Amino acid sequence: MDEEIVYMKEALDIYGESVFAQNKFYEGTHHNKEIVLCKSGVGKVNAAITTQILIDRFQVTHVLFTGVAGALDPELEVGDIVISSSAMQHDMDASALSPDFPKGTIPMFAFDSEFRADAQLVKLAETAAERLQGPKVKIGKVLSGDQFIADRELVEVYSALFNGTCIEMEGSAVAQASFLNEVPFVIIRSISDKANGEAPASFAEFTALAARRSSDMVETIIESL
Ligand code: ADE
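Quick caveat, the model's predicted, so the values are computed rather than measured.

The rules behind the values
- Residues numbered from 1 in each chain as written.
- Predicted model: local features only at pLDDT ≥ 70, side-chain atom pairs only at ≥ 80, totals over all residues.
- Buried ≥ 20, exposed ≤ 12 C-beta atoms within 10 Å, placed from the backbone.
- Helix = DSSP H or I, 4+ residues; strand = E, 2+ residues; numbered from the N terminus.
- Pairing = 2+ DSSP bridges.
- Near = placed C-beta within 6 Å.
- Nonpolar A, V, L, I, M, F, W, Y, C, P; charged D, E, K, R; others polar.
- Axes fitted to C-alpha atoms, helices over the stretch in contact; angles between N-to-C directions.
- Core = buried A, V, L, I, M, F, W, Y, C linked by C-beta atoms within 7 Å.
- Contact = placed C-beta atoms within 7 Å.
- Left-handed = near helix turned anticlockwise from the far one by under 90°.

K.L.:
Just to check I follow, could you spell out the pairing of strand β5 (residues 81–89) for this structure?
P.N.:
For a regular strand, side chains alternate in direction, first toward one face of the sheet and then toward the other. Counting buried positions along β5 yields 8 of 9 residues, so the element is predominantly enclosed. Sheet analysis places β5 next to strand β7 (residues 137–144), joined by 8 bridges and oriented parallel. Of the residues in β7, the one forming a bridge with Ser-84 is Gly-140. Relative to strand β9 (residues 185–193), β5 runs antiparallel, the two sharing 3 bridges. Bridging across to β9, Val-82 finds its partner in Arg-189. Pairing of β5 with strand β6 (residues 115–116), which is carried by 2 bridges, proceeds in the antiparallel orientation. Within the sheet, the bridge partner assigned to Ala-87 lies in β6 and is Phe-115.

What follows is the structure, given as structure tokens:
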């Protein structure tokens with residue numbers, strides 16, 4: 001979202017701006033590193049298209065994805081941070097077709113449907129999160145689907161089925177596109193809500209703080225890359 005890239009945009013020395021697939025990409029430098037900043041848009045299709053453009057048009061060597069998420073782990077509170085160990089799609093469901101395709105599994109796909117984040121980027125993100133001095137930081141599985149979840153019962157279902165740490169709408173698409181192109185990635189999510197009945201109001205209230213925290217983390221990661 002716009003609110004989520006505003007701080008990073010201020011931090012960059014921007015020298016170029018271009019549009020692909022109706023989406024704006026800012027090229028700039030930060031700590032002598034070449035950066036491309038963009039919004040993914042909402043949902044897995046937008047996120048996959050954006051990631052592929054970053055890889056094809058800009059030859060990015062690393063993908064850092066930030067944003068907000070609903071908590072699945074009951075220990076997480078609004079403002080806490082989740083760093084992806086992996087990501088998968090909770091709404092991929094071809095289980096009616098065959099027992100070989102359990103929920104969350106991409107049918108007829110040559111690879112594991114749970115995409116592992118890059119170990120070095122996870123470590124750098126963890127160090128960056130510790131510098132925030134406040135939020136709890138968890139490394140865990142990010143679940144993505146094209147639904148905003150605001151239902152306690154669904155939280156129980158997804159937690160039991162997939163053992164996810166947080167739930168959102170893009171991460172696994174970024175992860176899949178990065179994996180298939182052999183580009184290292186990490187997803188960093190600030191918890192904006194608990195995916196329950198209060199989630200819509202909590203989401204609206206928390207986005208600005210989450211964006212600030214994410215930007216601070218990304219800046220630290222870029223410095224250490
Ligand atoms: N992003 C932030 N909160 C979310 C939720 N509850 N469901 C899906 N995506 C989210």
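K.L.:
I would appreciate a short explanation of the site of the ligand in the present structure.
P.N.:
Not every one of the 14 residues close to the ligand is listed here, only the nearest: Gly-70, Phe-148, Ile-149, Glu-168 and Ala-195. Elements that contribute at least two residues to the shell around the ligand include exactly β4 (63–71), β8 (166–168), β9 and α6 (199–224). At 3 residues, β4 tops the list of elements feeding residues into the shell around the ligand. Among the residues forming the shell around the ligand, the class breakdown is 10 nonpolar, 2 polar and 2 charged.

K.L.:
Help me understand the sheet that holds strand β3 (residues 33–38) in this model?
P.N.:
What links the strands of a sheet is backbone hydrogen bonding, and the strands pair in either a parallel or an antiparallel sense. Spatial ordering of the open sheet is given by β1-β2-β3, a layout of 3 strands whose pairing is antiparallel. Looking at strand neighbours, the two that pair on one side only are β1 (13–20) and β3, the edges of this open sheet. For this sheet, the mean inter-axis angle between neighbouring strands, taken without regard to orientation, is 25 degrees. Pairing of strand β2 (residues 23–30) with β3 involves 6 bridges; the strand directions are antiparallel.

K.L.:
Explain the nonpolar core here, please?
P.N.:
Soluble, globular proteins show a tendency: their nonpolar side chains are buried together. Ala-125, Cys-166, Val-174, Phe-185, Val-186, Ile-187 and Ile-188 are the most contacted members of the largest nonpolar core, which has 53 residues in total. Ranked by residues supplied to this core, first place goes to α6 with 7 residues. When neighbours within four sequence positions are excluded, Ile-187 is seen to be in contact with Phe-65, Ser-84, Ala-87, Ala-117, Val-142, Gly-171, Val-174 and Ala-175.

K.L.:
I'm lost on the packing of helix α2 (residues 44–58) against helix α5 (residues 171–180) in this one. Help?
P.N.:
Geometry of a packed helix pair, given as the angle between the helix axes and the separation of the axes. Relative to each other, α2 and α5 sit at 35 degrees, their axes nearing to 8 Å. Between α2 and α5 the crossing geometry is right-handed. On α5, the residues touching Lys-44, Ala-47, Ala-48, Thr-51 and Gln-52 of α2 are Ser-172, Ala-173, Val-174, Gln-176, Ala-177 and Ser-178. Split into classes, the residues belonging to the contact of α2 with α5 amount to 5 nonpolar, 5 polar and 1 charged.

K.L.:
Can you walk me through α5 in this structure?
P.N.:
An α-helical segment advances 3.6 residues per turn. Residues three or four places apart therefore align on the same side. Extensive coverage of α5 is indicated by the burial of 8 of its 10 residues. Residues Gly-171, Ser-172, Ala-173, Val-174, Ala-175, Gln-176, Ala-177 and Ser-178 constitute the buried set of α5. Downstream of α5 by one or two residues, Glu-182 has phi in the positive range, about 60 degrees.

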